[in-house]
Amino acid sequence: MTTWPQAVAAIAAEPDRERLVLGAMSGTSSDGVTVALIRTWGRGIDRQARLVAHRTDPYPEELRRRIFELYPPGRFEAATLLQASLEVADAFAQAALALLRDAGVAPDAVHLLSVHGPVVYYQPPDPATGERGGVLELMEPARLAEATGIPVLCDLRSADLAAGGAGAPLSVFGDFVLFRHPDRGRIIQNIGGIANPTVIPAGAGWEDLLCFDTGPGNVLIDAVVTAITDGAETYDRDGVRAARGRVDPELLAELMAHPYIHRAPPKTTGREVFGVPFALDVLARGRRRGLGDDDVVATVTAFTAESIAFNYRQHVLPRWRIHEVYLTGGGACNPTLVRMLRDRLPEIEVRPIEDLGMPSQAREAAIWAVLGDESLLGLPSNVPATSGARHPAILGKWVPGPRWLPGR
């Protein structure tokens, strides 16, 4: 009988053989689970990967509500945290098995399932104080492995954090594998809850890659819309509110003065900085200035666009020639935000990532599959220059699950 270590060793001995790998992701917006199935071969800088199938399943409304109650400044009991972890694992299992059924792929044909659950709390390391970094992710991987029969890799950020990094951004290696080009400098601009560009110069090698969080993506817009509608709306659908409103230059200038925006990479941020408490403060400031609700939405939308463009001008464009920016994440579906970003980057093509053959919703889950497969081969896939880690790290924690039990 083949044991789990023997199976992994056999895969690592033949890295050029094609492998089917699942990635599953719940991002900062925590609106559901996206699963992507990839076919991949090779390793390291020579790796290749192709998307086979993907799907997104929204969380049940009650589960999504409970997840958001766990975010800062929420307070909760341990039993609440445990129950949410179990239910999130169930949601991931249902989405993964549904995708495999749709694709006509048996779970036994999949080498691993690499997952990223909702992040309840994230604490980056603070070199000034010596405070260690860590992340608390909602997931019960053993339950997920039991339900799917697929080995699970979870909690990928912790190894980079243990090595002194920020645990983010980790998308760099996956973006490089999926989107590099020999002659054209590209930025893969994710506008999820937080906005982060992956910079891939033409003909890039490891030493050229850069990724960092520029500031808020949708998280601030969503929180403002939720507040002004008392929860009746949770995001600015099609950017309609921002299009109706008027950007207030003085409030925008105040927002752009936020110290995080002006920090140099490596840097990362999250809901802890730009989430609900910050949004309520911005809304209160806007109302004191006599702004209408849609004016505040327009201004925070402009803040997302301006903070992205500002960071390009400070940290990217002086170093590399960038031919094109490809937008992904929920913000790519907001025409007002996209227009504001294009207005601020007139010299660069700004296009949807679908033009590269990758559905926007599938990208992060596909990247998580790529990162997981590097770990399966026993190879690091963080990029210390972007995360600030002291050294490369093999990411994740393994749960082999029932597949490798004796007699199975």
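Now for a look at the structure at hand. (Residues numbered from 1 in each chain as written. Predicted model: local features only at pLDDT ≥ 70, side-chain atom pairs only at ≥ 80, totals over all residues. Heavy atoms only, no water.)

**A closer look at the packing of helix α12 (residues 276-288) against helix α13 (residues 293-315)**
Which entries qualify depends on this criterion: The axes are straight lines fitted to the C-alpha atoms, using for helices just the contacting stretch, and the angles between their N-to-C directions are given from 0 to 180°. Runs of E in the DSSP output that reach at least two residues are strands. Runs of H or I that reach at least four are helices, and both are numbered from the N terminus. Here roughly perpendicular refers to angles of 65 to 115 degrees, roughly parallel to angles under 35, roughly antiparallel to angles over 145, and oblique to all remaining angles. In this scheme the handedness of a crossing depends on how the near helix is turned from the far one: anticlockwise by less than a right angle means left-handed, clockwise means right-handed. Only heavy atoms matter for contacts: two residues are in contact if any of them lie within 4.5 Å across the pair.
Relative to each other, α12 and α13 sit at 125°, their axes nearing to 10 Å. Classified by the interaxial angle, the pair formed by α12 and α13 is oblique. Both α12 and α13 take part in a crossing whose hand is right-handed. For the pair formed by α12 and α13, the contact residues are Phe278, Val282, Leu283, Gly286 and Arg287 on the first element and Asp293, Val296, Val300 and Phe303 on the second.

**A short note on the sheet that holds strand β14 (residues 397-399)**
Which entries qualify depends on this criterion: What makes two strands pair is DSSP finding at least two bridges between them.
With respect to topology, six strands assemble into an open sheet ordered β3-β2-β1-β4-β7-β14, the strand pairing being mixed. The sheet terminates laterally at β3 (48-58) and β14, the two strands that pair on one side only. Taking each pair of neighbouring strands and ignoring which way they run, the sheet shows an average axis angle of 20°. As paired strands, strand β1 (residues 19-25) and strand β4 (residues 110-116) are joined by six bridges and run parallel to one another. Bridge pairing in β4 places Val21 opposite Leu112. Across the sheet, helix α3 (residues 78-103) lies against β1, β2 (32-41), β3 and β4, angled at about 50° from β2, the strand it touches most.

**A closer look at the pattern of salt bridges**
Opposite charge on two side chains allows them to pair when their charged atoms are near. Counted only if it meets this: The salt bridge definition used is simple: a Lys or Arg side-chain nitrogen within 4 Å of an Asp or Glu carboxyl oxygen. Think of it in three bands: residues with accessible area under 20% of the maximum for their type are buried, residues over 50% are exposed, and the middle band is partly exposed, with areas taken using a 1.4 Å probe on protein chains only.
Counting across every chain of the model gives 33 salt bridges. We note a salt bridge from Glu349 to Arg184, for which the minimum N-O separation is 3.5 Å. Of this pair, Glu349 sits in strand β13 (residues 349-352) while Arg184 is found in the loop between α6 (172-179) and β8 (186-191), placing the two residues 165 residues apart along the sequence. Since its relative accessible area comes to 37%, Glu349 is described here as partly exposed. Across the pair Arg287 and Asp293 runs a salt bridge, and its minimum N-O distance is 3.1 Å. The partly exposed category is assigned to Asp293, whose relative accessible area is 28%. Among the charged side chains, a salt-bridge network with shared partners connects Arg184, Arg186, Glu324, Glu349, Arg351 and Asp355.

**Structural notes on the nonpolar core**
Put simply, the rule reads: Nonpolar cores are built from buried Ala, Val, Leu, Ile, Met, Phe, Trp, Tyr and Cys residues. Side-chain atoms within 4.5 Å join them into one set.
Counting residues in hydrophobic clusters, the biggest one holds 50 residues, and the most contacted among them are Val224, Phe303, Val316, Ile322 and Val325. Of the residues forming this core, the biggest block, 11 residues, is contributed by α13. Not counting the four nearest positions on each side in its chain, Val325 is found in contact with Ile187, Gln189, Tyr312, Ile348, Glu349, Val350 and Arg351.

**As for the packing of helix α9 (residues 249-256) against α12**
Close contact between α9 and α12 brings their axes to 11 Å; oriented N to C, the two are set at 150°. As summarised for this structure, α9 and α12 are arranged roughly antiparallel, according to the angle between their axes. With respect to the hand of their crossing, α9 and α12 are arranged in right-handed fashion. Within the contact between the two elements, α9 uses Leu251, Glu254 and Leu255 and α12 uses Phe278, Val282, Arg285 and Gly286.

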